[in-house]
Amino acid sequence: MAAVNQVSTTVSSTGTISFHNINYTVGTKARSHKRRSKCLTLPFFKVTEQKQILFDVSGRFMNGMNAILGPSGSGKSSLLDILADRKDPRGTSGIVLVDNFPRHPSFRYTVGYVVQEDICSGTLTVRENLYFSVSLRLSEALSASDKRVRVSTVITELSLEACADTRVGTEFLRGISGGEKKRTCIGMELVLSPNILFLDEPTTGLDASTAISIMNCLKDLSRRGRTIIFSIHQPRYSIFKLFDTVMLMCNGQCVYHGSAKGVVPYFSTHDYQCEPYDNPADFALDVLIDIGRKPDIIAKLNDLYNKTDADTSAAFPRPGNMIDLESLDHKRRKYKVQAARSLGAEIFYLSQRTLRNSFRNPALALSQISVSIILGAMVGLLFYDLKKTTDSGVQNRLAVALIIAILICVMMTMFSGFVLDLDSVFKWLSWIQWTSASRYVSNLLIINEFQGLTFCLSNQTNVCPMTGEQILDNLDIPHANSWDLWKNFLALTIMTVLFLISSYIQLIRIKKTK
Ligand SMILES: Nc1ncnc2c1ncn2[C@@H]1O[C@H](COP(=O)(O)OP(=O)(O)OP(=O)(O)O)[C@@H](O)[C@H]1O
């Protein structure tokens, strides 16, 4: 989901976003042989070099359709992410203002961002997807009926009434059309009532007629006072003529920012003539590809754009204010955004969706249930009516543990201290056994299986030369008291908690910025 679950304030704005001298740099693996060779002796030493993606990009987007156009790799998505406050602030510089003020810390949660891939749940209906989005992302103060009204309004706004109660569809389940699916994804953002809607390549993967219907839908939204900002690759003329402003990017620099109608006349003044029947978007892309090979022309056009762009300079803060704005922006990033929902509510809505998903996706539910039943039956059969004899009785029980361990994880089994005698074979590696969940599981199973048993000869059942305790002693598994059993439970519990915590930390790390 684009902007997750934290909406603390309603930002009232006219939706004008201006940005000034945006630079973006990332650290990449060093490619130069010279640098690598210096570090050949340090195999784990990563050599990074800085790569600048965006160079001093400035501009202003207002209510209407604002397109960011350029060849692949020109920096469109990077700029879009920075404006939407979805990029890691490290490596970015410059100022982004909304209605001439720095963005609120919760900005990214109050604007809509439609990612390229469709993120709606296939087993839910269009209405349920929108309701899920509104429930998870808006304040708990909103009543159920308010939520329903909001969802219905968005359904009407996006002309989704006819398929509102149809399931979106999965690879196994026929659902709504591609265009309706994209509109559902847009709707999941619109339920926030954002003034600004970002879209990353909204027409990618759609056929021509679906693409135009999506863009017409966005045009309608823009007419109702929204600022629609999107990156787009190669629009047809019927789509291009819907744009109000166009920003042309080339190698991370802006070479044109102005009206869509002005593109052809602008480039004609720089000796690039558009053929009478050529699509201006195709023409612009051809020009961008050509000047991409000529750094001096890019620099000239970029310089011209920086000097003459009237819209940008009108919104540009006075130089004296720049320092204050930078420090404000710094403070803004440190500001803690309060979650709009309690943890319990989040768990409830997510579990509800997961349950619905399982029930409505017969293939998934069936495979999950079948796997559980088959595994359970297998383990049950293996343990069923085992003999208490010294030969097969003992052997069938050390085999069962092995099968289970293999099912869980082969690697962990290797270090369980059960398959191999780690003390003698891999002395220097034997400590790994203490990190192996399989070791604790196998210890538990073996203690549980053998403790208190006596094993007799198969032909003379009154002669019982072996006890379970002896086998446990032979395997070097402590079993003197109940703590020897329960400490394995404790170790497994601690491992589970640690894995959950580290997954949670990783989720927190990746969810906010790219
Ligand atoms: N985190 C990163 N690490 C390394 N390179 C990056 C990173 N982010 C972006 N780039 C590079 O920056 C350039 C611009 O990327 P970006 O995705 O913004 O371009 P784009 O115009 O949206 O391209 P496309 O149309 O293909 O999606 C590309 O060359 C990309 O490989």
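Within each chain, residues carry numbers counting from 1 in the order of the written sequence. It should be noted that, the model being predicted, local features are given only for residues of pLDDT at least 70 and side-chain atom pairs only at 80 or more, the latter also being counted only at that level, while totals for whole chains, interfaces and linings use all residues.

Where an unreviewed UniProt entry is consulted, the protein appears under the name ABC transporter domain-containing protein, with the organism given as Rotaria socialis. UniProt positions are given in the numbering used here, feature names are shortened, and annotations may be inferred rather than shown by experiment. UniProt, in its Subcellular location (unreviewed entry) section for the protein, records the words "Membrane". Database annotation for the protein, UniProt heading Sequence similarities (unreviewed entry): "Belongs to the ABC transporter superfamily. ABCG family. Eye pigment precursor importer (TC 3.A.1.204) subfamily."

Novice: Report on the packing of helix α4 (residues 126–137) against helix α6 (residues 178–190), specifying residues and quantitative values.
Specialist: A fitted line through C-alpha atoms serves as each axis, taken over the contacting stretch for helices, and the angle formed by two N-to-C directions is quoted from 0 to 180°. The way it works is that DSSP assigns letters per residue, a run of H or I at least four long becomes a helix, a run of E at least two long becomes a strand, and they are numbered from the N terminus. As a packed pair, α4 and α6 sit with axes 8 Å apart at the nearest point and diverge in direction by 30°. As judged from the angle between their axes, α4 and α6 are roughly parallel. When the axes of α4 and α6 are compared, the crossing they make is right-handed. Residues Val 126, Asn 129, Leu 130 and Ser 133 of α4 lie in contact with α6, whose contacting residues are Thr 184, Gly 187 and Met 188. When its residues are assigned to classes, the contact of α4 with α6 shows three nonpolar, four polar and no charged. An angle below 35 degrees is treated as roughly parallel, one above 145 as roughly antiparallel, one from 65 to 115 as roughly perpendicular, and anything else as oblique. Crossings are sorted by hand: turned counterclockwise from the far helix by less than a right angle, the near helix makes the crossing left-handed, and turned clockwise it makes it right-handed. Remark: residues whose backbone-derived C-beta atoms lie within 7 Å of one another are considered to be in contact. Three classes are used: nonpolar for Ala, Val, Leu, Ile, Met, Phe, Trp, Tyr, Cys and Pro, charged for Asp, Glu, Lys and Arg, and polar for all others, with Gly counted as polar.

Novice: Describe in detail α4, supporting the description with residues and values.
Specialist: An α-helical segment advances 3.6 residues per turn. Residues three or four places apart therefore align on the same side. Expected span of a helix, by definition, is 1.5 Å for each gap between consecutive residues, and there is one gap fewer than residues. Given a rise of 1.5 Å per residue, 12 residues ought to cover 16 Å, and the 17 Å separating the end C-alpha atoms of α4 matches this to within 8%. Our exposure labels follow a C-beta count within 10 Å of each residue's own C-beta, placed from the backbone: buried means 20 or more other C-beta atoms, exposed means 12 or fewer, and partly exposed covers the counts in between. The element α4 is extensively covered by neighbouring structure, given that 12 of its 12 residues are classed as buried. Taken together, the buried positions of α4 are occupied by Val 126, Arg 127, Glu 128, Asn 129, Leu 130, Tyr 131, Phe 132, Ser 133, Val 134, Ser 135, Leu 136 and Arg 137.

Novice: Which residues make up the site of the ligand, and what values go with them?
Specialist: We call a residue near a molecule or strand when the C-beta position, derived from backbone atoms, sits within 6 Å of it. Taken together, 14 residues lie near the ligand, and Ser 72, Gly 73, Lys 76, Ser 77 and Ser 78 sit nearest. Elements with a minimum of two residues in the shell around the ligand: β1 (17–29), β2 (48–61) and α2 (76–83). Ranked by residue count, the leading element in the shell around the ligand is α2, at three residues.

Novice: I'd like to hear about the environment of Lys 181, residue by residue, with values.
Specialist: Structurally, Lys 181 can be placed in helix α6. Considered as a pair, Lys 181 and Ser 121 are 60 residues apart in the sequence and their alpha carbons are 10.0 Å apart. Not counting the four nearest positions on each side in its chain, Lys 181 is found in contact with Asp 118, Cys 120, Val 168 and Ile 176.

Novice: How would you sum up the sheet that holds strand β10 (residues 253–259)? Please name residues and give values.
Specialist: Here, strands pair whenever DSSP counts at least two bridges between them. Taken together, six strands build an open sheet; the order of strands is β6-β7-β8-β3-β9-β10 and the sheet is mixed. A strand with exactly one partner marks an edge of an open sheet, and here the two such strands are β6 (112–114) and β10. Taken over all neighbouring pairs, the strand axes of this sheet differ in orientation by 15° on average, direction set aside. Pairing analysis gives three bridges linking β6 to strand β7 (residues 196–200), with the strands arranged parallel. Among the inter-strand pairings, Gly 112 is bridged to a residue of β7, identified as Leu 197. Helix-sheet contacts for α6 involve β6 and β7, and the interaxial angle to β6 is about 160°.

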